[in-house]
Amino acid sequence: MPESKVNRRNFLKIVGAATAAGTVDMVTYKAYASTNSAPNGWKGTSGVAGSSAASMANTASPPDHQWAMVIDLRSCNGCKSCTAACQKAHYLTEDQTWIDVFTMTDTIGRTYSMPRPCMQCENPPCLHVCPVHATFRTDQGVVLVNQGRCIGCRMCMAACPYQARYFNWNAGVEYPSMPIKPTPEMPVPQRLGTVGKCTFCVGNLNDGLLSECAAGCPMGSIYNGDMKTDVGVNSMGNTIKLSEFLYDNDAVTFKTSQNTHPRVWYILGHGQNLDNDDQAS
Amino acid sequence: MVVMDNKIESDQTDIVDSDADETWVNDVTESAMRSMRNKPGKAWWVAITLLGLVIVAGVIAWIYQLKHGLASAGYNDRAFWAVYIADVITFIGVSYGGAVTSAILRLTGQSWRAPLTRLAEAMALVTVIIGGTFIFPHLGRPDRFLNIVIYPNFSSPLFWDFMAILTYTVATMIFFYLPLIPDMAVVSKMLGEKKKLWQKFLYSSLSFNWLGSEKQKKALHRGLTIISLLIIPLAVSVHSVLSWAFALTSRPGWMETVFPPYFVIAALYSGTAMVVLVVAGFRKGYKLQRFITDRHFVRLGYLMVALGLVYLYLTFADLVTEGYTGITTGWIKQTVTGSYAPAFWFYVFAGELLPIFVVAFKKTRNVTGITVASVFVVISLWVKRLVIVLPAATQPLIAGAWGSYHFTWVSITITLAGVAAIPFLLMIMFRFIPLFSIEEMEEAGELGSVEQVSAHTQVLAKILAKYTGLEVTAPKASKTLTASETEGK
C-alpha cells in the first residue's frame, strides 16, 4: 500500500497533536461521557495497570494512550489482507491467524466477513487463568504474553471466548536473525511450546504507526484508536473522533454477555447479530 | 459378629476352622511375603521386560515430542487439550478410587477389605505419581514447570490443581506407609542381623521400632483413622479442582456446576475398577485365591456398579441441562450423533451397561466376569474423559467447522507407557513389601469372631516372638479395637 506510509505518518502527527491538545479533548470527552451513555460502559481513560507484570514487561512508557480498535464491517470485503500482513510481520505459520477473518451468517441467511483480532479485554479471562502470570495487561490496556515465562499449559486457550490464542505447536516458519530478542510486544521469533496472540502491534502504535493489520487493510475497515486522545485512524487516512464515531454508528462489542469488556468495537450495518453466543453448527 | 457370607466359597472353607489357627497365620505371613521371598519366576521377568520396553518407548516418544513440539502428538489450535489431559484425569482418577475405596472400607470397618487394602493403596500411590508425571508431556514447556512455584498466580485453577495434587500425593504416601509399619518390622526381624544396607534402611528404619505393643497399635490405629478421614476430602478436592480447569472457562460443555461431582464420581468408578484389576492380577500371579475370593470381587463389583449408575445419572443430567434450551446444542449433537458419537456410545455400552449386566446375572458374577467388566470400565472411562475434553475444545466458538484431533504414534506410545508403568511399578514395589497387611488380616476378623481374632493375635504374637525373641502382648478378646473392627460388618 503506497499511501499507507503517509497514513502512518499522519497517525503519528494526529496522535501527537491530540496529545498536545489533550486537556481540551479530555474535557470534551468527559462531558460527552457524562451526558451520553457511552457504549458498553466504556470508562475511557481508566487504564488498569498490569501491576507487577507491567513493570516486568518493559512497557516503560506512561499511559499516554489507551489503545483500542474499530472494525467497520460495512466495508470489510473478507480479502484477508489483514491476516497476511500480520503473519508476515510476526513470522507466523498459516494456522496462526492472530487476526482471523470469519465468514459469518447474518439473521437473514446471508454471509459477511468479520475480522477477529485479540479483543484486548479489560477483564481478560486468559489473564485470570494463567498459572504463572505469563499473560499480563499493560497500563496502555494491551494484553500481552511473556513467551519467556509461559509454560505452555494452554489454559488461556480454554478460557478465551474469542478463540484468539494460538499455540506454537511446532518449530514454525523460517525467520531471519533478529536484531533484538523477542519481547512481549514483539514476540518474534515465536518460541516453541508457548502461546502467542495478537499484540495490537503496540510497538507500532507507540511509534505512531498503524498496526500491521490496519495498515494492510485495502478497504480501510480497521481503525487503530486511542481512547485517551479519542482519535482513530485507518489505512485510507480517515481520522475519526473515536467516541463520536462509535456512538453515531451504533458500535458494539463482541460477546458482551461474557463480561470481558473488549477494546475492539465493531460497526455493523447488515443485520448482523454479533452478540450471539449460539454455537450454531 | 460373623463376617463370613452364608455361602462360603470352596477354596476358603477351612478358614473358619479354629483348629487351623496357626496354619492360617502362618499362611497369611507366607502368602503376604510370597512376592518378596521367592526369586521372581520366568513370567515375572518376561512381564517386567516387556513393560519396561513400553516405558522406554514412551520416554523416547516424549523426547521426540520435546524436540518437534506438541504437533507431533496431534495437537492443534482447535484441539489444544486432548489425550494427555485425559490421561492425567484418568490416572489421578483411578488413584483416587483406590485411596477412597480403601479409606471408606477402613472407616466403616468392612473387615472383608483386609486382603485388598495394601494392593489398593499401592495402586493409589503408583497411579497418582504416574498421573502427576503426565502433566509434563501435557505442557508445551515442561522445563519451566517450576514457574508455577516461582511466579504463582493464585487465581488460576491450574495453580490450585498443582497444590491439590501435591497435597494429595503426600497424603497418599502416608496412607500407604502407615499400615506398612508393622509389616516392615516383621520383615526386618525375619531378615535378622545379616541385612544389607538398603534392607536395613528400608525395613529397620521404616518400621520405627515397631514391637506391636498395645500402645503402638493404638497410635497406629488412630493415625490410620485420621489419614483415612483426611484422604477423602483431599481426594474430593483434587478432582473438584481438576474439573474446575474445565468448568471455570466459558466454554459450552465445560462451564457447568455439575462438573466437580461428575469428576469425583468418575474417579471413584474407574478407581474401583482399577482395584479389581490390580487385585485380580496379583491374585493370579501370586496364587492368593485362598485369601482373595469370589466374594471380594462380587462386593467390589457391587460397589463399582453402584458408582457407575451414579455416573450414568450425572452424564444424563449434564446432557439434558446442556441440550434442552438449544443454546449449546452444537456440542451435544457432536457428542451424541456426530464425530464423537462412537466414543460416547462405547462408554454407554461398554462402560455402563456391560458392567451392570455382568453383575446382575449370577452366571457372570464371578472373578472372570467382574475382571473383564473392570477392563471395559477403565478403558471406557478414559474414552469418556476424551469425550468430555475434545468436543468442548474443538467446537467453533465463533463460526466455521469443527476442529479435530488425530492420534499419532507419539501420543499413543506415551499413553501406553503410562498404562504399562502401573503394573511395572507395582510388580517392583511388591518385591520389597508384603502383598497385604499381615496385621490387618489377622485383626480384621477374617476368622469369624472376636475370640478367634484374639486367638489368632496370640498366634501371631508367638510367631513374632519366634522371629524376634521378644515378648509381645496380645490384645484381649474384649479389646474395643478388635471388637469395633468386626462389628462393622
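Before any of the text, the structure's been laid out above.
Residues numbered from 1 in each chain as written. Chains lettered and ligands numbered in written order. Predicted model: local features only at pLDDT ≥ 70, side-chain atom pairs only at ≥ 80, totals over all residues.

Caption draft 1: Representation of the interface of chain B and chain A. Chain B puts 39 residues into the contact, and the matching count from chain A is 40 residues. Going through the elements one at a time, α7 (147–150), α8 (157–177) and α14 (329–336) of chain B are the ones with two or more residues in the side of chain B that touches chain A. Per-element tally for the side of chain B that touches chain A: the top contributor is α8(B), with three residues. Split by residue class, the side of chain B that touches chain A holds 21 nonpolar, 14 polar and four charged. (Contact = placed C-beta atoms within 7 Å. Helix = DSSP H or I, 4+ residues; strand = E, 2+ residues; numbered from the N terminus. Nonpolar A, V, L, I, M, F, W, Y, C, P; charged D, E, K, R; others polar.)

Caption draft 2: Broad picture of the pairing of strand β11 (residues 264–267) of chain A. Residue and element names in this part refer to chain A. Residues Val-264 and Tyr-266 line one face of β11 and the alternating positions Trp-265 and Ile-267 line the opposite face, and both faces are buried. By the bridge criterion, four bridges tie strand β1 (residues 67–72) to β11 in an arrangement that is parallel. From the neighbouring strand, Met-69 faces β11, where its bridge partner is Val-264. (Buried ≥ 20, exposed ≤ 12 C-beta atoms within 10 Å, placed from the backbone. Pairing = 2+ DSSP bridges.)

Caption draft 3: Spatial organisation of the packing of helix α5 (residues 114–133) of chain B against α8(B). All names here are of chain B. With their axes 9 Å apart at the nearest point, α5 and α8 run at an angle of 155 degrees to one another. Between α5 and α8, the angle is such that the two are roughly antiparallel. Considering only the axes of α5 and α8, their crossing is left-handed. The segment α5 lies against α8, with Glu-121, Ala-122, Ala-124, Leu-125, Val-128 and Gly-132 engaging Ile-165, Tyr-168, Thr-169, Thr-172, Met-173, Phe-175 and Phe-176. (Axes fitted to C-alpha atoms, helices over the stretch in contact; angles between N-to-C directions. Parallel < 35°, antiparallel > 145°, perpendicular 65-115°, else oblique. Left-handed = near helix turned anticlockwise from the far one by under 90°.)

Caption draft 4: Spotlight on the nonpolar core. Counting residues in hydrophobic clusters, the biggest one holds 205 residues, and the most contacted among them are Met123(B), Val238(B) and Tyr269(B). Not counting the four nearest positions on each side in its chain, Val238(B) is found in contact with Ile92(B), Tyr96(B), Ala164(B), Ile165(B) and Tyr168(B). (Core = buried A, V, L, I, M, F, W, Y, C linked by C-beta atoms within 7 Å.)

Caption draft 5: Structural detail: helix α13 (residues 294–324) of chain B. Under the 1.5 Å per step criterion, the end-to-end length of α13(B) is 44 Å for 31 residues, consistent within 8% with the ideal 45 Å. Just beyond α13(B), the residue with positive phi is Gly326(B), at close to 90 degrees. (Expected span 1.5 Å × (residues − 1).)

Caption draft 6: Seen up close, the pairing of strand β8 (residues 222–226) of chain A. All names here are of chain A. Most of β8 is tucked away: five of the five residues are buried. Both faces of β8 are covered, namely the face carrying Ile-222, Asn-224 and Asp-226 and the face carrying Tyr-223 and Gly-225. Relative to β8, β1 is paired through five bridges, and the arrangement is antiparallel. Within the sheet, the bridge partner assigned to Met-69 lies in β8 and is Asn-224. In this sheet, strand β9 (residues 231–233) lies alongside β8 in antiparallel orientation, the contact comprising three bridges. Each bridged residue has a counterpart across the sheet, and for Gly-225 the counterpart in β9 is Gly-232. Counting the residues that bridge the hairpin from β8 to β9 gives four residues, and of these Asp-230 lies at a positive phi of roughly 60 degrees.

Caption draft 7: The sheet that holds β9(A), seen in detail. All names here are of chain A. Spatial strand order, β10-β9-β8-β1-β11: five strands in an open sheet with mixed pairing. Where the open sheet ends on each side, the last strands, each with one partner, are β10 (239–241) and β11. The average undirected angle you get between the axes of adjacent strands in this sheet is 25 degrees.

Caption draft 8: Region of interest: the packing of helix α3 (residues 42–68) of chain B against helix α17 (residues 409–429) of chain B. All names here are of chain B. In contact at an axis separation of 8 Å, α3 and α17 are set at 145 degrees when each is read in the N-to-C sense. The interaxial crossing formed by α3 with α17 has left-handed handedness. Among the residues forming the contact of α3 with α17, the class breakdown is 20 nonpolar, four polar and no charged.

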